[in-house]
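As a plain string of letters, each chain reads:
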Amino acid sequence: MIIPHPTMNNKKAINLLELQINKIHDISMNREEWLNSTIPVLINIFPVSSSMKITQIRSINDAQNQITDISGKDKIDIRKRKAERYLRNYIEEIALLDVENRSDKIEDLFRSFVFWAILISAMLISFLGGLMLDSQEWGL
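### So, a nonpolar patch on the surface
Taken together, the side chains of Phe 115, Trp 116, Leu 119, Ile 120 and Met 123 present a nonpolar region at the surface, about 530 Å² in accessible area. In this structure, Phe 115 sits in helix H5 (residues 102–137). Under the relative-accessibility criterion, Phe 115 is labelled partly exposed at 49%.

Set out below in structure tokens:
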């Protein structure tokens, strides 16, 4: 199990993804080696959405296997361009939305829970207060 890096910032995340883009074009690295080095990077950078991104990266090979009228080299080039495009999209995501942080999601959930607990408590107190006033008006 890989634990997300606690001090991941935008610059580090983007640098890691750019390194993975460079590895796409490294002729000494095969697809499996690239995947094995890219998956931990995605998990560290995107602790919340990494599984979706990993599935997306892994699906590149499946989509290209269905095309039969192009050469093997062309299929590889298409896969590489698609992988690079995905990683560049992830870089844009970081630039626009910031890096994911699992603890922020938990804090948001907790804040949401506190908000709803306070709101429900206020409504319950208001309802009970209304019942008490109503029963006093009727002399009950």
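### A word on helix H4 (residues 72–97)
Here H4 is 26 residues long and its end C-alpha atoms lie 37 Å apart, about the 38 Å a rise of 1.5 Å per residue gives. Those residues of H4 that fall on the buried side of the exposure criterion are Lys 75, Arg 79, Ala 83, Glu 84, Tyr 86, Leu 87, Tyr 90, Ile 91 and Ile 94. Downstream of H4 by one or two residues, Asp 98 has phi in the positive range, about 80°.

### Things to note about the packing of aromatic side chains
The final tally for this structure, using the stated rule, is one aromatic pair. A ring pair is formed by Phe 46 and Tyr 90, whose centres lie 5.8 Å apart and whose planes are at 65°; its orientation type is edge-to-face. Here Phe 46 is found in the loop between helix H2 (31–45) and helix H3 (50–65), whereas its partner Tyr 90 is found in helix H4, with 44 residues between them in sequence. Here Phe 46 falls in the buried class, since its relative accessible area comes to 1%. Residue Tyr 90 is classed as buried on the basis of its relative accessible area of 4%. The side chain of Lys 53 reaches across the aromatic face of Phe 46, ending 4.5 Å from its centre.

What counts, and at which threshold
- Per-chain numbering applies: the sequence of each chain, read as written, is numbered from 1 onward.
- The predicted origin of the model limits local features to residues at a pLDDT of at least 70 and limits the giving and counting of side-chain atom pairs to 80 or more, whereas totals for whole chains, interfaces and linings rest on all residues.
- Processing note: side-chain calculations cover all non-hydrogen atoms of the structure and skip hydrogens and water entirely.
- Patches here are clusters of residues that have more than 30% relative accessible area and form no salt bridge, with a 9 Å joining cutoff for like charges and a 5 Å cutoff for nonpolar side chains (Val, Leu, Ile, Met, Phe, Trp, Tyr).
- Note on areas: Shrake-Rupley, 1.4 Å probe, and residue coverage restricted to the protein chains presented here.
- One speaks of a salt bridge when a side-chain nitrogen belonging to Lys or Arg is within 4 Å of a carboxyl oxygen belonging to Asp or Glu.
- Secondary structure follows DSSP: runs of H or I at least 4 residues long count as helices, runs of E at least 2 residues long count as strands, and numbering of each begins at the N terminus.
- Three exposure classes are used, based on accessible area relative to the maximum for each residue type with a 1.4 Å probe and protein chains only: buried under 20%, partly exposed in between, and exposed over 50%.
- One fewer than the residue count of a helix, multiplied by 1.5 Å, yields its expected span.
- Only rings of Phe, Tyr and Trp enter the pairing, Trp through its six-membered ring, and a pair is recorded when the two centres are within 6.5 Å. The plane angle decides the type: under 30 degrees is stacked, over 60 is edge-to-face, the rest tilted.
- Here, a charge over a ring is recorded when the distance from Lys NZ or Arg CZ to the ring centre is within 6 Å and its angle to the ring normal is within 35 degrees.

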